[in-house]
Amino acid sequence: MNEKKDCKIVQDLLPNYIDKLTSKETNTYIEEHVNGCKECKKILDAMQKDIQLQEKKLEKKKVKYIKKYNHKLRILKTTLLSIILILVVLFVAFPGRKMVIIKSLEDKFQVYEQQSDNVYIKALMYNDSNLQFTYENYYKDDDLKKYVMTNPEADIKVTQYFYQNEIKQFIEEPEGKRLIIEPRKNAALPPLMNYFYNDSLVGTFFMSMDYKITTSDVNGRECYVFSRTYAKPETKIDIYIEKDTGLVLQSAQIGPTEEDIALTQYEYSFGTVTDEDMQEPDATEYRLIEDN
Ligand SMILES: [Zn+2]
């Protein structure tokens, strides 16, 4: 009877004993009893086994979770790397490739820009493939010295001579010849139009974003064609830049309709402008008009 009562107490205490919540004295009491009582020993063993099993299960669950987490992490890493790789490939294929082209043209252009203190530039303007105007610009000593505009259709030729304070304008037209002398107000623009934005990496990047680049030729000279479209009204601008020189050989404006094509072709000659080119024609043949 006494034994049975002890068993009851010990069995009540066993859960706390396993969880190590019991005091030293209680532990000694339980252990002494369990060593002498087969039944309680059996219960304790079963309880301990159960606990171990549960712990093992929990451990397994933990391992499984970590594995799953690691797998997810690996997938995320792979995805991120793939995205970065795709972006790099896209960059190299599109703006990167274009930036390399722009930079190489920029470098070649600069060589000519430095020689532009003496340059002759001829521009031929076509409308619907009819020659409308011819412009000839003579730059010498870093300044525009002479400018000739010819309109073959109207049989008009205007030749301007630029001096520090005045401009002499010799006009030949079917009605006769006139000479207009007027004060010079503005300094000339630089001879070579720089299409390369601001010659910086950022400028190069934005140019690569703004333009589509293809290849073509102008009178057999290989060019990159820089194209961009303005939405309203639908107008396409094509700038033909020579691969070897970085110089603009042609610009075309197409739109709003297919028939609206304005084409300008450019020719350059560096270091060939002489003082002789600046000789004015005999002014006595012209009717003088002074304009102040
Ligand atoms: Zn017992």
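Reading the values: rules and limits
- Residues numbered from 1 in each chain as written.
- Predicted model: local features only at pLDDT ≥ 70, side-chain atom pairs only at ≥ 80, totals over all residues.
- Heavy atoms only, no water.
- Patch = residues over 30% accessible without salt bridge, like charges linked within 9 Å, V, L, I, M, F, W, Y side chains within 5 Å.
- Areas by Shrake-Rupley, 256 points an atom, 1.4 Å probe, with all protein chains shown as cover.
- Salt bridge = Lys/Arg side-chain N within 4 Å of Asp/Glu carboxyl O.
- Helix = DSSP H or I, 4+ residues; strand = E, 2+ residues; numbered from the N terminus.
- Donors = N, O, S within 2.8 Å, 3.2 Å for Na, K, Ca; no water.
- Tetrahedral: all angles 85-135°; square planar, octahedral: opposite > 155°, others 65-115°.
- Buried < 20%, exposed > 50% of the residue type's maximum accessible area, 1.4 Å probe, protein only.
- Phe/Tyr/Trp six-rings, centres within 6.5 Å; stacked < 30°, edge-to-face > 60°.

S.K.: What is the right way to read a nonpolar patch on the surface from this model?
M.R.: A contiguous nonpolar surface patch, about 650 Å² in accessible area, is contributed by Tyr65, Ile66, Tyr69, Leu73, Leu76 and Leu80. Note that tyrosine 69 resides in helix H3 (residues 38-114).

S.K.: What should I look at first to understand the coordination of the zinc ion in this one?
M.R.: By definition of the ideal shapes, four donors in a tetrahedron about a metal sit 109.5 degrees apart, and six donors in an octahedron sit 90 or 180 degrees apart. Coordination sphere of the zinc ion, protein contribution only: Cys7 (SG), His33 (NE2), Cys37 (SG) and Cys40 (SG), at 2.1 to 2.5 Å. Each of the 4 donor atoms around the zinc ion contributes to a set of angles spanning 89 to 119°, which defines the coordination as tetrahedral. Look at where the donors of the zinc ion fall in the sequence and you get C-x25-H-x3-C-x2-C. Note on accessibility: histidine 33 and cysteine 37 belong to one class, buried.

S.K.: Got a minute to help me understand the packing of aromatic side chains in this structure?
M.R.: Here the distance between the centres and the angle between the planes together describe a pair of aromatic rings. Here the structure, examined in full by the defined rule, presents 9 aromatic pairs. Judged by centre distance (5.0 Å) and plane angle (55°), the ring pair of tyrosine 120 and tyrosine 138 falls under tilted. With a gap of 18 residues between them, tyrosine 120 in strand E1 (residues 119-127) and tyrosine 138 in strand E2 (residues 130-140) connect regions that are remote in the sequence. Tyrosine 120 gets classed as buried once you look at its relative accessible area, which sits at 16%.

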